[in-house]
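# Descriptive structure summary
Okay, here's what each chain looks like letter by letter:
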Amino acid sequence: MSTLIMIDQASYGTWSGREALDMAFSLAAFDQPASLLFTGAGVTWLKRAQDTAGIAQKSVEKNLSAAPIFGIEAILADRSACQKYGLDETSLITGVTLVDANRTLLDQYDHTAFAG
């Protein structure tokens, strides 16, 4: 039973994305296969070397770097959203796979949770 957790909120400003990340980590900690899909403004989570000093928050990059340790199966980014936000493979954190967020992708998972 695999779960895809979709995050479409920007990385800072709301807690819904961080709560979704916690949910994914919890699922993986209990040996439930989980993957993350970042779409829309959510792809901004994946930008390499974010400077968060001005907003007094920790960078989400550190949280995401722990995903493989927790057992997250995949970190996916919607290709068209990345293009919209000016992101490509070189500007993304390590371990991100660009995908087309479509029905074919969603059908690969037993459950889909949407944080947005």
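On a predicted model such as this, the values are computed, not experimentally measured, just so you know.

Further remarks concern the overall build of the protein. Across its full length, the protein carries 5 helices and 5 strands. Taken over 116 residues, the protein has a buried fraction of 42%. Residue pairs in contact within the protein that sit at least 24 positions apart in sequence constitute 74% of those at least 6 positions apart. For the protein, the exposed area adds up to about 6,400 Å²; of that, 53% sits on carbon and sulfur atoms.

Quick look at the packing of aromatic side chains now. All chains considered together, the criterion is met by 2 aromatic pairs. Aromatic pair Phe25 and Phe70: ring centres 4.3 Å apart, planes at 5°, arrangement stacked. With Phe25 in helix H1 (residues 16-29) and Phe70 in helix H3 (residues 67-70), the pair connects residues that are 45 residues apart, well separated along the chain.

Attention shifts here to the side chain of Ser2. Relative to the helices and strands, Ser2 resides in the segment before strand E1 (3-7). Excluding anything up to four places from it in sequence, Ser2 contacts Pro33, Gln108, Tyr109, Asp110 and His111.

So, on to the sheet that holds strand E5 (residues 111-115). One key point about sheets: their strands pair by backbone hydrogen bonds, in either a parallel or an antiparallel sense. Judged by pairing direction, the sheet is parallel, and its 5 strands sit side by side in the order E4-E3-E2-E1-E5 without closing on themselves. The sheet is open, and its two borders are formed by strand E4 (96-99) and E5, each paired with just one other strand. For this sheet, the mean angle separating the axes of adjacent strands, direction not counted, is 25°. Judged from the 4 bridges that link them, strand E2 (residues 34-38) and strand E3 (residues 74-78) form a sheet pairing that is parallel.

So, how was this worked out
Residues numbered from 1 in each chain as written. Predicted model: local features only at pLDDT ≥ 70, side-chain atom pairs only at ≥ 80, totals over all residues. Heavy atoms only, no water. Helix = DSSP H or I, 4+ residues; strand = E, 2+ residues; numbered from the N terminus. Buried < 20%, exposed > 50% of the residue type's maximum accessible area, 1.4 Å probe, protein only. Contact = heavy atoms within 4.5 Å. Areas by Shrake-Rupley, 256 points an atom, 1.4 Å probe, with all protein chains shown as cover. Phe/Tyr/Trp six-rings, centres within 6.5 Å; stacked < 30°, edge-to-face > 60°. Pairing = 2+ DSSP bridges. Axes fitted to C-alpha atoms, helices over the stretch in contact; angles between N-to-C directions.

Note that every value here comes from positions in space, so none of it alone points to a role or purpose.
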